[in-house]
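# What the coordinates show
If you want the building blocks of each chain, they are given just below.
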Amino acid sequence: MSQDSRTLCAILLNPALRPAPETISFRNLGCALPLVGCERIRLANLLDVPTKDQGQLGATVIEESEVARSRALLAEAVLTADEILFAWGSNRVTGRTGVVLREQVSWLRGHLKDAGVRRTWMVAGTPRHPSRWRQYVGPEKARVEGSTFEDRLAKVLAAHPLE
């Protein structure tokens, strides 16, 4: 991990159906880079199973092979990261997929501790999804003050000890 080009690994729920650079999430993550001292984004997912939305993910049968592949991809992404951002969303997926996701989060936290990671970044203390950041800090919500999205994001994006 070069000091010249630091990488933020954003851990999301699952991949979108369209290319990441075309998503609002990716654009919002770009605004977080200077706030966490990084220049590059690396995406990883709790489950590497693309779906159109959380509802479709909840209805998808997740195979053990997909869980294992997702863990291998997460481990590799973490290995190359300088900073880690939890950003899979604060809504709970229900059913069997929800159980698998909670197991993935537990596995990830243990893996990060074993890898020596001591802190992660989150928005407002939760793994809020980047597609929701502008809504969360929008001036109409009056949660934080600031003249720009970036100013307001800087007030809620913070490092937290890995527990």
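Residues numbered from 1 in each chain as written. Predicted model: local features only at pLDDT ≥ 70, side-chain atom pairs only at ≥ 80, totals over all residues. Heavy atoms only, no water.

### Looking at the overall build of the protein
For clarity, the cut-off: Numbering of helices and strands starts at the N terminus; helices are DSSP runs of H or I of at least 4 residues and strands are runs of E of at least 2. C-alpha atoms define the radius of gyration in this analysis, and the globule rule sets the expected value at 2.2 Å times the number of residues to the power 0.38. Summary of the burial criterion: residues with accessible area below 20% of their type's maximum are buried, those above 50% are exposed, and those between are partly exposed, where the area comes from a 1.4 Å probe applied to protein chains only.
Broken down by element type, the protein carries six helices and five strands. Helices and strands in the protein line up, N terminus first, as β-α-β-α-α-β-α-β-α-α-β. The globule rule puts the C-alpha radius of gyration for 163 residues at 15 Å, and the 15 Å found for the protein is close to it. Overall, the protein is about 45 × 35 × 30 Å in size when its C-alpha atoms are taken along their principal axes. A buried classification covers 43% of the 163 residues belonging to the protein.

### Description of unusual backbone geometry
Within the chain, Ala124 stands out as a residue other than glycine whose phi angle is a positive 55°. Mapped onto the elements of the fold, Ala124 is located in the loop between strand 4 (119-123) and helix 5 (133-137). Residue Ala124 is classed as partly exposed on the basis of its relative accessible area of 32%.

### Quick word on the side chain of Thr51
What counts is decided by this rule: The term polar contact refers here to a pair of N or O atoms within 3.5 Å; inside protein, the definition further demands a hydrogen-donor-capable atom paired with an acceptor-capable atom, and it admits residues adjacent in sequence only when both atoms are side-chain atoms. Contacts are assigned to residue pairs with any non-hydrogen atoms lying within 4.5 Å of each other.
In this structure, Thr51 sits in the loop between strand 2 (40-45) and helix 2 (54-58). Given a relative accessible area of 5%, Thr51 falls into the buried group. At a separation of 2.7 Å, a polar atom in the side chain of Thr51 contacts the side chain of Asn14. One polar contact links the side chain of Thr51 to the main-chain carbonyl oxygen of Asp53, over a distance of 3.1 Å. Apart from residues lying up to four places away in sequence, Thr51 is in contact with Asn14, Pro15, Ala16, Leu17, Gln56, Leu57 and Thr60.

### Things to note about the packing of helix 3 (residues 64-79) against helix 4 (residues 95-114)
Going by this rule: All axes here are fitted lines through C-alpha atoms, helices being fitted over the stretch that makes contact, and every angle between N-to-C directions spans 0 to 180 degrees. Put simply, angles under 35 degrees are roughly parallel, angles over 145 are roughly antiparallel, angles from 65 to 115 are roughly perpendicular, and the rest are oblique. Crossings are classed by handedness, with left-handed meaning an anticlockwise turn of the near helix from the far one by less than a right angle and right-handed meaning a clockwise turn.
Following both chains from N to C, one finds helix 3 and helix 4 inclined at 30°, their axes separated by 11 Å at the closest point. Taken together, the axes of helix 3 and helix 4 are roughly parallel relative to one another. Relative to helix 4, helix 3 is oriented so that their crossing is right-handed. For the pair formed by helix 3 and helix 4, the contact residues are Glu64, Val67, Ser70, Arg71, Leu74, Ala75 and Val78 on the first element and Arg96, Val100, Glu103, Gln104, Trp107, Leu108, His111 and Leu112 on the second.

### Digging into helix 1 (residues 24-32)
Here is the rule: What the arc describes is the spread of directions from the helix axis to the C-beta atoms.
The complete set of buried residues in helix 1 reads Ser25, Asn28, Leu29, Cys31 and Ala32. Mapping the buried residues of helix 1 onto a view down its axis gives an arc of 150°, with all of them on the same face. Check the buried side of helix 1 and you find it contacts strand 1 (7-12), strand 2, strand 3 (83-86), helix 5, helix 6 (149-156) and strand 5 (157-161).

### Side note on the packing of aromatic side chains
How we decide: Put simply, two rings from Phe, Tyr or Trp (the six-membered ring, in Trp's case) pair if the centres are within 6.5 Å, and we call them stacked under 30 degrees between planes, edge-to-face over 60, tilted for the rest. Charge-over-ring contacts are defined here by two conditions on Lys NZ or Arg CZ: a distance within 6 Å of the ring centre and an angle within 35 degrees of the ring normal.
For the structure on display, the rule yields one aromatic pair. Note on Phe86 and Trp88: the rings are 4.6 Å apart at their centroids and 40° apart in plane angle, and the pair reads as tilted. Take Phe86 and Trp88: they sit in the same class, and that class is buried. In this structure, Arg134 packs its charged tip against the face of Phe149, placed 3.9 Å from the ring centre.

### Examining the side chain of Asn28
By the element assignment, Asn28 lies in helix 1. Among all residues touching Asn28, those that are not within four sequence positions of it are Pro130, Ser131, Trp133, Arg134 and Phe149.

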